[in-house]
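Examining the three-dimensional arrangement
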Amino acid sequence: MKSIELKNVSKVYSNGVRALDDVSFVLHQGEFIAVMGQSGSGKSTFLQIAGLLDTCTSGEILINGKEVSSLDKNQIADVRKNTLGFVFQAFHLNPHLKLYENIMVPMLINDAYKNKTEMLEKADELMKTVGIFKRKDHYPAQLSGGEQQRTAIARALANDPDFILADEPTGNLDSKNEAMIFEELKKLAKLGKGVLVVCHNEAIVNYADKIYIMKDGVLTANAE
Ligand code: ADP
């Protein structure tokens with residue numbers, strides 16, 4: 001089964017801050033895991049390292065069973081491109097591109113798409129998956145925050161990743177949109193994606209399969 005696994009991972013920044021302290025963790029396909037904790041507890045560092053956006057100081061990271069420290073930069077970029085999709089608090093959409101064009105951006109660097117027709121078809125399918133198809137010709141500024149985040153989720157799915165990693169995905173949303181985004185992420189886990197969300201929004205306990213707590217860089221399973 002596909003998985004992201006961290007074994008005894010620590011991260012010490014150059015300023016001496018130990019942001020992760022001996023963290024071990026597994027996310028499988030089809031699972032929705034949330035990591036909660038206060039600001040500064042190490043959640044973003046954890047997501048960045050699990051998503052190969054940053055490196056750890058010690059420990060091992062395995063993506064689909066393969067240890068990544070032996071890979072060079074290009075190979076890591078390939079793993080990221082083909083295996084991982086990211087969603088962030090600030091939606092990071094290109095304001096000059098229509099919604100469907102934003103979703104197509106990652107497809108342009110993916111050999112899996114043979115031509116533009118295939119990309120357009122896939123973009124349509126993804127917009128239907130996250131419920132924004134009617135908005136396909138709009139620009140980000142014409143969309144609500146919730147719609148923008150759903151667009152960002154569709155874009156994260158463009159290369160059909162095994163895993164979706166989201167950092168505070170509801171940080172800029174009201175409670176109604178927040179619920180819709182959590183529902184969307186839950187749906188993706190049901191469709192077989194592994195979903196990891198780091199956030200301090202307690203509402204997520206109603207959606208995730210498992211909750212972990214991050215405190216001072218130490219990760220523990222929620223006892224409740
Ligand atoms: P959270 O996402 O829970 O707010 P972070 O992972 O951003 O926590 O930060 C954890 C700790 O690491 C904090 O003390 C923060 O100040 C520190 N930190 C984060 N990024 C860096 C960095 N690039 N350089 C130095 N210290 C950092």
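Everything below is about the structure printed above this text.
**Overview of the environment of Gly 30**
Examined against the element boundaries, Gly 30 turns out to sit in the loop between strand S2 (18-28) and strand S3 (32-36). Looking at Gly 30, the relative accessible area reads 31%, which means it is partly exposed. In sequence terms Gly 30 and Leu 191 are 161 residues apart; their C-alpha atoms lie 6.9 Å from each other. If sequence neighbours within four positions are ignored, Gly 30 has contacts with Ala 189, Gly 192, Lys 193, Gly 194 and Asp 209.

**Points about the sheet that holds strand S7 (residues 163-167)**
Judged by pairing direction, the sheet is mixed, and its six strands sit side by side in the order S6-S7-S8-S3-S9-S10 without closing on themselves. At either margin of the open sheet sits one strand with a lone partner, and together these are strand S6 (84-88) and strand S10 (218-221). On average, each strand axis in the sheet is tilted by 20° relative to the strand beside it, whichever way the strands run. The pairing of S3 with strand S9 (residues 210-215) spans four bridges and is parallel. Among the inter-strand pairings, Ile 33 is bridged to a residue of S9, identified as Lys 210. Sheet strands touched by helix H1 (residues 43-50): S3, S6, S7, strand S8 (194-199), S9 and S10. Its angle to S8, the strand with the most contacts, is close to 155°. Along the sheet face, helix H5 (residues 145-156) touches S6 and S7 and points at about 165° away from the line of S6.

**Quick word on unusual backbone geometry**
Here Asn 8, not a glycine, exhibits a phi torsion of approximately 50°, which is positive. Looking at where Asn 8 falls in the secondary structure, it is placed in strand S1 (residues 3-12). The partly exposed category is assigned to Asn 8, whose relative accessible area is 43%. One non-glycine residue with positive phi stands out, namely Asn 64, at about 50°.

**Side note on the site of the ligand**
Within the structure, the ligand sits among Tyr 13, Asn 15, Val 17, Ala 19, Gln 38, Ser 39, Gly 40, Ser 41, Gly 42, Lys 43, Ser 44 and Thr 45. One of the side-chain nitrogen or oxygen atoms of Tyr 13 is found 3.5 Å away from a nitrogen atom of the ligand. Coverage of the ligand by the protein chains reaches 61% of its 560 Å² of free accessible surface. Looking at the shell around the ligand element by element, the count peaks at three residues for H1.

**Thoughts on the sheet that holds strand S4 (residues 58-63)**
A sheet is described by the order of its strands in space; here four strands give the open sequence S2-S1-S4-S5, paired in antiparallel fashion. Only two strands of the sheet have a single partner each, and these edge strands are S2 and strand S5 (66-67). Pairing between S4 and S5: two bridges, direction antiparallel. Its bridge partner being in S5, Ile 63 is matched across the sheet by Lys 66.

**Let's talk about the side chain of Glu 31**
Looking at where Glu 31 falls in the secondary structure, it is placed in the loop between S2 and S3. Assessed through its relative accessible area of 13%, Glu 31 is described here as buried. Ignoring any residue separated from it by four or fewer positions in sequence, one finds Glu 31 in contact with Val 26, Ala 189, Lys 193, Gly 194, Val 195, Asp 209 and Lys 210.

**A look at the side chain of Glu 184**
Following the sequence through the fold, Glu 184 ends up in helix H6 (residues 175-190). Aside from chain neighbours lying at most four places away, what touches Glu 184 is Thr 129, Val 130, Arg 150 and Ile 153.

**Some details on the environment of Leu 126**
Mapped onto the elements, Leu 126 comes out in helix H4 (residues 116-129). Spatially, the C-alpha atom of Leu 126 lies 33 Å from that of Ala 221, the residues being 95 residues apart in sequence. The contacts of Leu 126, once residues within four sequence positions are left out, are Ile 103, Met 107, Ala 154, Leu 157 and Ala 158.

**Focus: the packing of aromatic side chains**
Tallied over the full model, the rule gives four aromatic pairs. Ring centres of Phe 25 and Phe 46 lie 5.0 Å apart, and the angle between their planes is 90°; on these two criteria the pair is classed as edge-to-face. Placement of the pair is Phe 25 in strand S2 and Phe 46 in helix H1, with a sequence separation of 21 residues. Positioned over the ring face of Phe 133 is Lys 128, at 4.6 Å from the centre of the ring. The ring centre of Tyr 100 lies 5.1 Å from the NZ or CZ of Lys 136, which sits over that ring.

What counts, and where the lines are drawn
- Residues numbered from 1 in each chain as written.
- Predicted model: local features only at pLDDT ≥ 70, side-chain atom pairs only at ≥ 80, totals over all residues.
- Heavy atoms only, no water.
- Helix = DSSP H or I, 4+ residues; strand = E, 2+ residues; numbered from the N terminus.
- Buried < 20%, exposed > 50% of the residue type's maximum accessible area, 1.4 Å probe, protein only.
- Contact = heavy atoms within 4.5 Å.
- Pairing = 2+ DSSP bridges.
- Axes fitted to C-alpha atoms, helices over the stretch in contact; angles between N-to-C directions.
- Near = heavy atom within 4 Å.
- Polar contact = N/O pair within 3.5 Å; in protein donor to acceptor, adjacent residues only side chain to side chain.
- Areas by Shrake-Rupley, 256 points an atom, 1.4 Å probe, with all protein chains shown as cover.
- Phe/Tyr/Trp six-rings, centres within 6.5 Å; stacked < 30°, edge-to-face > 60°.
- Lys NZ or Arg CZ within 6 Å of the ring centre and 35° of its normal.

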